[in-house]
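Structure at a glance
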Amino acid sequence: MQFGGFERLDLVNFPGLLAATVFVEGCNFRCPYCHNAALVERHGDKIDEEEVLAYLDERKRMVKGVVVTGGEPTIHKDTPGFIVKVRNMGFKVKLDTNGNNPAMLEQLLDDGLLDYVAMDIKTSAQNYPLVTGRDATNVAKSVEILKQCPVPYEFRTTCVKGLIQPSDFLLIGKWIAGARKYVLQPFNPEHTLDPAFHSYSTYSGEELELIAQRMREFVPDTTTR
């Protein structure tokens, strides 16, 4: 397996653990505000699996988790095999996903290969074609899989002002009601897949907190990041 990026020490992306993060190239969504355009278009660094595994083997005493992100990891059939290798080395694994491959997500969970899942909720279900280029059928299946699983997880939305409307958040809340955790993320207008989105802005911290307060009616553990 080959990766498009490798962050050797990550203090942020795996709750409670010092981790390493691998970035998988390619994605089956085309969100115009995506800040990982190089990964989506497969223009990232080329890092071999052997290099990643060798580093992890050397850092076992310090690094305790591995984040598998992208791009979109679940578009690759060899992602489960890589996760098995990492787990066999004694590391915990967090998966970041867009939720469009519920079959792989469910299998990874059933096989006990994941310790944490972060899944993007791009917008309200009906507006998925507008934002991602695909409908939300598979994403809806993944939502239900996570809501019923015992593994810690979070849903998260990147809050692009002018694209994700306040009315979308209300619909998202109804969609994921009862979820374990929901995170509102600010939008970064640098390095977007569509250059036109460099002129878009994020919701302010105050606006995000007001949205979070409303979302807590559906998901009590709603936070801003």
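You'll find the structure just up there.
In this report, the structure presented in the accompanying data block is examined. These figures come from a predicted structure and were not determined experimentally.

So, how was this worked out
- Residues numbered from 1 in each chain as written.
- Predicted model: local features only at pLDDT ≥ 70, side-chain atom pairs only at ≥ 80, totals over all residues.
- Heavy atoms only, no water.
- Helix = DSSP H or I, 4+ residues; strand = E, 2+ residues; numbered from the N terminus.
- Salt bridge = Lys/Arg side-chain N within 4 Å of Asp/Glu carboxyl O.
- Buried < 20%, exposed > 50% of the residue type's maximum accessible area, 1.4 Å probe, protein only.
- Pairing = 2+ DSSP bridges.
- Axes fitted to C-alpha atoms, helices over the stretch in contact; angles between N-to-C directions.
- Left-handed = near helix turned anticlockwise from the far one by under 90°.
- Contact = heavy atoms within 4.5 Å.
- Nonpolar A, V, L, I, M, F, W, Y, C, P; charged D, E, K, R; others polar.
- Phe/Tyr/Trp six-rings, centres within 6.5 Å; stacked < 30°, edge-to-face > 60°.
- Lys NZ or Arg CZ within 6 Å of the ring centre and 35° of its normal.

**Regarding unusual backbone geometry**
Residue Gly-71 follows Gly-70 across a cis peptide bond; omega there is 20°. Residue placement: Gly-71 occurs in the loop between strand S5 (65-70) and helix H3 (79-88). At His-191, a position not held by glycine, the phi torsion is positive, near 60°.

**Observations concerning the pattern of salt bridges**
If you walk through the whole model with that rule in mind, you get 14 salt bridges. Across the salt bridge formed by Lys-85 and Glu-49, the nearest N and O atoms sit 2.6 Å from each other. Taken as a pair, Lys-85 in helix H3 and Glu-49 in helix H2 (residues 49-58) lie far apart in primary sequence, 36 residues in all. Taking relative accessible area as the criterion, Glu-49 reaches 6% and is therefore assigned buried. The residue Arg-59 makes a salt bridge to Glu-58 at a minimum N-O spacing of 3.4 Å. In this structure Glu-58 comes out as exposed when scored by relative accessible area, which is 57%. In the salt-bridge network here, residues are joined through shared partners; they are Lys-94, Asp-96, Asp-120, Lys-122 and Arg-156.

**A look at the pairing of strand S6 (residues 92-97)**
Along S6, five of the six residues are buried, which leaves the element largely enclosed by surrounding structure. One ladder, built from four bridges, connects S5 with S6; its direction is parallel. Within S6, the position partnered with Val-66 by the bridge is Val-93.

**Describing the packing of helix H7 (residues 166-176) against helix H8 (residues 205-215)**
The geometry of H7 relative to H8 is characterised by a closest axis approach of 10 Å and an angle of 35° between their N-to-C directions. Between H7 and H8 lies a crossing of right-handed hand. Across from Phe-169, Leu-170, Ile-172 and Gly-173 in H7, the residues of H8 making contact are Ile-211, Arg-214 and Met-215. Residue composition of the contact of H7 with H8, by class: five nonpolar, one polar and one charged.

**Some words on the packing of aromatic side chains**
How two aromatic rings sit relative to each other is set out by the distance from centre to centre and by the angle between their planes. In this structure the tally under the stated criterion is eight aromatic pairs. An angle of 70° between the planes, with centres 6.2 Å apart, marks the rings of Phe-29 and Tyr-128 as edge-to-face. Remark: Tyr-128 occurs in helix H5 (residues 128-132) and Phe-29 occurs in the loop between strand S3 (19-24) and helix H1 (37-40); sequence separation between them is 99 residues. Judged by relative accessible area, Tyr-128 falls into the buried class, the value being 0%. Through a chain of ring-to-ring contacts, the aromatic side chains of Phe-29, Tyr-128 and Trp-175 assemble into a single cluster. For the cation-ring pair, Arg-8 lies above Tyr-55, with the distance from its terminal atom to the ring centre recorded as 5.7 Å.

Bear in mind that shape data such as this cannot, by itself, settle questions of function.
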